[in-house]
Amino acid sequence: MPKYYGSKDKQISNPPSDTVQCLEFAPDCFDLLAGSWDSTVRIWQVDEDTNSGEKAQQAVPAPVLDVCYRLDGMAAFAALCDKTVQMWDFGSNSLSVVAEHDEPVRTCHWIGHHNLLMTGGWDAKVKFWDTRTSQPAAVIDLKDRVYAADVIDDMAVIATADRNVTVLNLADTPQIVHEQNTQLQMQTRSIKCFPAKDGFAVTSIEGRCSLQYITDARKNDSFSFKCHRDKEYVYTVNAVGFHACTNTLTTAGSDGEIIMWDKELKRKNNTLPKAQSPITCLAYSNDENNSILAYGVGYDWSMGYEGRTKTPDTIMLHLMEEKDVKKLN
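A few points on the structure. Every value quoted in this text rests on a predicted model; they were computed, and no experiment measured them.

Thresholds, definitions, all that
- Residues numbered from 1 in each chain as written.
- Predicted model: local features only at pLDDT ≥ 70, side-chain atom pairs only at ≥ 80, totals over all residues.
- Heavy atoms only, no water.
- Helix = DSSP H or I, 4+ residues; strand = E, 2+ residues; numbered from the N terminus.
- Rg over C-alpha atoms; globule rule 2.2 N^0.38 Å.
- Buried < 20%, exposed > 50% of the residue type's maximum accessible area, 1.4 Å probe, protein only.
- Contact = heavy atoms within 4.5 Å.
- Pairing = 2+ DSSP bridges.
- Axes fitted to C-alpha atoms, helices over the stretch in contact; angles between N-to-C directions.

Here we come to the overall build of the chain. When helices and strands are tallied, the chain shows 1 helix and 28 strands. At 18 Å, the chain has a C-alpha radius of gyration in line with the 20 Å of a compact globule built from 329 residues. Each of the three principal axes of the chain carries a C-alpha extent, and together these read 50 × 45 × 40 Å. Burial statistics for the chain: of 329 residues in total, 55% are counted as buried.

Encoded structure:
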């Protein structure tokens, strides 16, 4: 087995054969869902010590751009390059098309308290679906292609190809309540709502992360910072997340690093040992301590076809430690 990180981080069993695009933990256990460019969706059973075993696997018609669980944990959704979203029903182990766009579907999020699926596509539309019917319950037209999205409670953030971010209120009929530029100069890669629901973190291919507040009380606290760089290269920041119970910001990049930040003090908490390949995505477990961090390792195509490495694509599991999230004095 190749050495990606230190001995404390464990490689998942039977990883995908191509780039891991997306990860999500189950809402009520450590089961880990992943979608990859080998056109598979897989689930691993993970225990509290990060031991794992493959639980199920489903082939889908096209490469996977995003995945999410249904709130009851009895089904999962996969956003695909073939312009559809497939629902994987675990009880019957069957696939069915539950959403469609005119271009590849980049994002999918289950909004449990409304029993709706939110999808975002390269057709510059966000759609909301009652998965029991074939027509969307609501459609919002955006200015450009959807590149990233996130949802927390009744707040959704949508990042588009024009470096714009649209904030939606989902409390009743989904509606746009805020729009702004990301303050970044190059293509957006990922976005995540603040746990306090007063803003969002967004990253780009230029080795930067921007923290932007949308409330009047804190809008002047917004800032951007450089990260995932060295003396020679500027790397893509492929993923951003929050260790929600400590509000620790986490970024992951093409440089193979995962960095923990204190966003209030504007300082770095910790950097995990560097991987041999880019970090393509990350996800925290949903237990009360967010005790496990899963991350994809493999080529992210940031250097084109010529930069393709022979390092296998895989998923690693990191058991969170106090030093990862401890606030610096």
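With that out of the way, let us pick up the environment of W110. With respect to the secondary-structure elements, W110 resides in strand β10 (residues 105-111). Taking C-alpha positions, W110 is 9.5 Å from W129, a pair spaced 19 residues apart along the chain. Ignoring anything within four residues of it in the chain, the contact list for W110 reads C68, Y69, R70, L71, F77, N115, L116, L117 and T131.

If you walk across this open sheet you meet the 4 strands as β2-β3-β4-β5, and the pairing is antiparallel. A strand with exactly one partner marks an edge of an open sheet, and here the two such strands are β2 (20-25) and β5 (52-59). On average, adjacent strands in this sheet sit at an angle of 20° to one another, irrespective of strand direction. Inspection of the sheet shows strand β3 (residues 32-36) paired to strand β4 (residues 40-46) by 4 bridges, in the antiparallel sense. Bridged to L32 within β4 is W44.

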